[in-house]
Amino acid sequence: MLHKIFGGIKMTWLFVTVFAVIAGAFTALMAITVPSGWSFNQIAATLEAWVVFAVFIISNCKKPLEAACKTFVFFLISQPLVYLIQVPFSALGFELFMYYPYWFKITLLTFPGAFLGWFITKDKIYSGLILSVMTVLQMLIGIDYAKQCIADFPHMLFAALFCFASVPVMIFGVFRNAAARNAALAATVAGTVAISVFNYLNPAESIYYIPINTDAYPIDTSWSVTVEHPEVCRAVLTDEETGVLRLKIALLRPGDTDIYLTNGTLTYSTGVSYFEVDNTFGYKFHEFKEVTGTAAD
């Protein structure tokens, strides 16, 4: 069954177009109906589902140029459609497209990426190494989701499970050759462990993002951000990288603090709990709520 999905489908231009429309419409529906920061909403802002979509298209193409063109067109159709469908339901209207440049850059990168990625269809050891770039990415994203789930169960549970499950699905779906599978599995484990160990030995600030539902909260990057206890964390509003408005939080030391987002007399607050249990750090982000006055009152 997996081999049929990853290599047994006739990837016509009509199929690519219809698939792009379905993927874009489904993503928009998730963005409209699912609260920000929850698993099914994430597909609108993060990469994990789109990695699987790209591998699906690439593995069903006959030539590298075909894979590059069809993957590029898939993203060129689906990503603008995500925003276009949301326009009638968003207070921003067509201003939503200010978030599209991030995905347009990714769309441009899909052309060379899919051209090289097509060589996974050769079912060789080097094919497994090429695919491992994508599976390591999935594992690292999944690990981050798992941390969020542990801190606030079952928050992001489905997103974490999707990332972890997608790795064996892609490896065993794309490859029939045991050597290619083993290469992909070994490289995935080695890459995930190496990067995780490196990050552990060279700890940077723990950076996390809270997506903000701008339909529910009239917040933009012009709002001021105040942290009640700045020794616990730093916070700033940003729409960089994903194009989606998010609260970027750098956790500094264990503790609890409130974060206030203010524009004139209107203020929203959220809370952050950063704690250590048995030499393991955990965190929990609280829901946004409207408050009276400002953080300085």
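Residues numbered from 1 in each chain as written. Predicted model: local features only at pLDDT ≥ 70, side-chain atom pairs only at ≥ 80, totals over all residues. Heavy atoms only, no water.

**Student:** I keep staring at the environment of I259 and nothing clicks. Help me out?
**Tutor:** By secondary structure assignment, the location of I259 is in strand β5 (residues 255-263). Since its relative accessible area comes to 0%, I259 is described here as buried. Between the C-alpha atoms of I259 and C233, which are 26 residues apart in sequence, the distance is 9.3 Å. In contact with I259, other than residues within four places in its own chain, are V225, T226, V227, C233, A235, L247, I249, Y268, S269, T270 and V272. (Helix = DSSP H or I, 4+ residues; strand = E, 2+ residues; numbered from the N terminus. Buried < 20%, exposed > 50% of the residue type's maximum accessible area, 1.4 Å probe, protein only. Contact = heavy atoms within 4.5 Å.)

**Student:** Would you mind going over the sheet that holds strand β1 (residues 206-211) with me for this structure?
**Tutor:** Hydrogen bonds between backbone atoms are what pair the strands of a sheet, whose relative direction is either parallel or antiparallel. Taken together, the 3 strands give an open sheet; going across it, the order is β1-β4-β3, and neighbouring strands pair in antiparallel fashion. At either margin of the open sheet sits one strand with a lone partner, and together these are β1 and β3 (233-238). The mean inter-strand angle of the sheet, taken between neighbouring strand axes irrespective of direction, is 20°. Pairing geometry for β1 and strand β4 (residues 246-251), over 6 bridges, is antiparallel. Counted as the bridge partner of S206 is L251 from β4. (Pairing = 2+ DSSP bridges. Axes fitted to C-alpha atoms, helices over the stretch in contact; angles between N-to-C directions.)

**Student:** Looking at this model, I keep getting lost on the side chain of Q138. Mind explaining?
**Tutor:** For Q138, the position within the fold is in helix α6 (residues 125-151). A polar contact of 3.2 Å, which involves the side chain of Q138, links it to the backbone oxygen of E48. Beyond its immediate stretch of four places on either side in the chain, Q138 contacts E48, V51, V52, F162, C163, S166, V167 and M170. (Polar contact = N/O pair within 3.5 Å; in protein donor to acceptor, adjacent residues only side chain to side chain.)

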